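# Report on the structure
Residue-level listing of the chains:
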Amino acid sequence: MTNEKGFAQAKEVWDERFRREGFLFGEEPNQYLVSQAAKLTKGRALLVADGEGRNSVWLAKQGFDVDAFDISSEATEKARAFAAKSGVQVNYYCCEYRDFDWRATHYDSVVGIFFQFASPAMRSDLFLRISQCLKPGGILLIQGYTPKQLDYKTGGPGKLDHLYVESTIKEGFLGYNWLDFRLYEDELSEGAGHFGRSALLGAVGRKPISV
């Protein structure tokens, strides 16, 4: 989801992946999101790198006011059609993350599911933007792959420095109160993109009222 060196044709790569028939990651929401959704703060929610809309549509169905962005125009068009078919309103934006309008203290919740396109330098920048756009006391939910995923090869970027360890998240969001934090393994069935035994990190944190 960037034009950074090393992933120069990111938009073209993702457009090609999402252009295929059907939903690359399925139509059902991410199960970690479903299991932890009660911890989110109702109101405005942002979905980072939302792809074809499976998670944003589900959150909209739960009564959230949802914004979502992705670099792929193919994915964004699928997401808009999926939302319309599902009878919900989601505000979709097709843009690279640095071009998104990160309004300060605007969102009650931010959700990032498998957005491990980012190199460590980009990730630091992205984490900062995520934290700044959350309201004080707002909720962050992240799921991603851990280094053991390189053995399973059932999804993810296949790059060690793009994967999460505990310190990746806890140092990236200092001062957060972690309502759930786990390193675990599970069987995923999220379309063809995430399928099989997987090494995962799940985290739900509350942004401090004052920093």
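Our structure is the block above this text.
Let me sum up the structure you'll find in this document. What you see is a predicted model; the values in this text were computed from it and never measured. (Residues numbered from 1 in each chain as written. Predicted model: local features only at pLDDT ≥ 70, side-chain atom pairs only at ≥ 80, totals over all residues. Heavy atoms only, no water.)

Applying the stated criterion to the full structure yields 12 aromatic pairs. Centre to centre, the rings of F173 and Y176 are 5.3 Å apart; their planes meet at 70 degrees, and the pair counts as edge-to-face. Taken together, the ring pairs in this structure connect F115, F117, F127, F173, Y176, W178 and F181 into an aromatic cluster. Positioned over the ring face of F181 is K170, at 4.5 Å from the centre of the ring. Here the guanidinium or amino end of R182 rests over the ring plane of Y184, the centre of that ring lying 5.9 Å away. (Phe/Tyr/Trp six-rings, centres within 6.5 Å; stacked < 30°, edge-to-face > 60°. Lys NZ or Arg CZ within 6 Å of the ring centre and 35° of its normal.)

A word on the nonpolar core. Core analysis: the biggest nonpolar cluster contains 29 residues, and L33, L40, L59, V90, V111 and L141 have the highest contact counts within it. Formed by 27 residues, the second largest nonpolar core is a distinct cluster that contains Y97, F100, L140 and Y164. (Core = buried A, V, L, I, M, F, W, Y, C linked by side-chain atoms within 4.5 Å. Buried < 20%, exposed > 50% of the residue type's maximum accessible area, 1.4 Å probe, protein only.)

This part takes up unusual backbone geometry. Notably, A49 is not glycine yet its phi reads approximately 50 degrees, a positive angle. Mapping A49 onto the fold places it in the loop between strand 1 (44–48) and helix 3 (54–61). For T105, which is not glycine, the phi torsion reads 45 degrees and is therefore positive. Following the sequence through the fold, T105 ends up in the loop between strand 3 (90–94) and strand 4 (107–113). (Helix = DSSP H or I, 4+ residues; strand = E, 2+ residues; numbered from the N terminus.)

In this section: the side chain of S198. Among the secondary structure elements, S198 is positioned in strand 7 (residues 194–206). According to the relative accessible area criterion, S198 is buried, its value standing at 0%. Only 3.2 Å separates the side chain of S198 from the side chain of T154, close enough to count as a polar contact. Setting aside residues up to four positions removed in sequence, S198 forms contacts with Y145, Q149, Y152, T154, Y184, E185, D186 and L188. (Polar contact = N/O pair within 3.5 Å; in protein donor to acceptor, adjacent residues only side chain to side chain. Contact = heavy atoms within 4.5 Å.)

It is worth stressing that arrangement in space is one thing and function is another; only the former is reported here.
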